[in-house]
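What the coordinates show
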Amino acid sequence: MSDAARIAVLASGGGSNFQALVDRFRPVADREIVGVIASREGAGVLERARRAGVASAVPPAGAAVAPAGAAGGEMTTFLLRTLDEWRSDIVVLAGYMKLVPEPLVRAYRGRILNIHPALLPSFGGRGMYGARVHRAVIEAGVRITGATVHFVDEAYDRGPILCQWPVPVLAGDTPEAVAARVLAVEHRILPAAVEALASGAVRLEAERRVRWVREWFDTETFTNREG
Ligand code: GRF
């Protein structure tokens, strides 16, 4: 990918990562946040989309999800049709709490990213979301946590890792304190990772190998070298 990129977002919550993407790409001519799919009505991200003038969609209540391995399912059809209508090149899961249906993973393989608020492969997987992640981090006594952006595959939080950034766990930290420190890092790493993919600096090869065509991450300034 290296031309103009149309970026779609899937989210479940307040949408601060969605906002970070909007803020990063609004001034850029050939990057567009084309829409956000919220997993439920009332999600804060919908209000952010409205204010930003970005299209939004919500799956019909009770949309059936096809069992793993099976094709179809109302949810799959809805997601694929919506992303297709928006002519999405890249799909970003920004706090999306549902498992992505396999046909969608296949359709967007190498073009679908997720952000996770810990250093994968630790503290990820089914049931590891929100405050649970940060509580587990504190209980394990690790001194470093962080944020991870990875390509999405068929399992929760398992896909090939694209980039990570560390965050310290400090004495007396609560899950809320860790969450806030990690979230601030998410807002920087996610737009940078999306830009790396959109610009062709990184790509997925043979389904599992992350290949950096050129290094873009400046570890001194913690920014994308290109912007
Ligand atoms: C973030 O910590 C994200 O990593 C996690 O859920 C949170 C979403 O925050 N999966 P927001 O909705 O982007 O504010």
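Residues numbered from 1 in each chain as written. Predicted model: local features only at pLDDT ≥ 70, side-chain atom pairs only at ≥ 80, totals over all residues. Heavy atoms only, no water.

1. What to know about the packing of helix H1 (residues 16–25) against helix H6 (residues 175–199)
Direction vectors running N to C along H1 and H6 enclose 50°, while the axes themselves pass 9 Å from each other. Viewed along their axes, H1 and H6 adopt a mutual orientation that is oblique. The hand of the H1/H6 crossing is right-handed. Counted together, Ser16, Asn17, Ala20, Leu21, Arg24 and Phe25 of H1 and Leu183, Glu186, His187, Leu190, Pro191, Val194 and Glu195 of H6 form the full contact between these two elements. Partitioned by chemical class, the residues of the contact of H1 with H6 number seven nonpolar, three polar and three charged. (Axes fitted to C-alpha atoms, helices over the stretch in contact; angles between N-to-C directions. Helix = DSSP H or I, 4+ residues; strand = E, 2+ residues; numbered from the N terminus. Parallel < 35°, antiparallel > 145°, perpendicular 65-115°, else oblique. Left-handed = near helix turned anticlockwise from the far one by under 90°. Contact = heavy atoms within 4.5 Å. Nonpolar A, V, L, I, M, F, W, Y, C, P; charged D, E, K, R; others polar.)

2. Points about the nonpolar core
The biggest cluster of nonpolar side chains holds 46 residues, and the ones touching the most others in it are Phe18 and Ile33. The residues touching phenylalanine 18, leaving out its near neighbours within four places in the chain, are Val9, Ile33, Val36, Val45, Arg48, Ala49, Val54 and Ala94. Leu10, Ala57, Leu104 and Ile112 belong to the second largest nonpolar core, which has 20 residues in total. (Core = buried A, V, L, I, M, F, W, Y, C linked by side-chain atoms within 4.5 Å. Buried < 20%, exposed > 50% of the residue type's maximum accessible area, 1.4 Å probe, protein only.)

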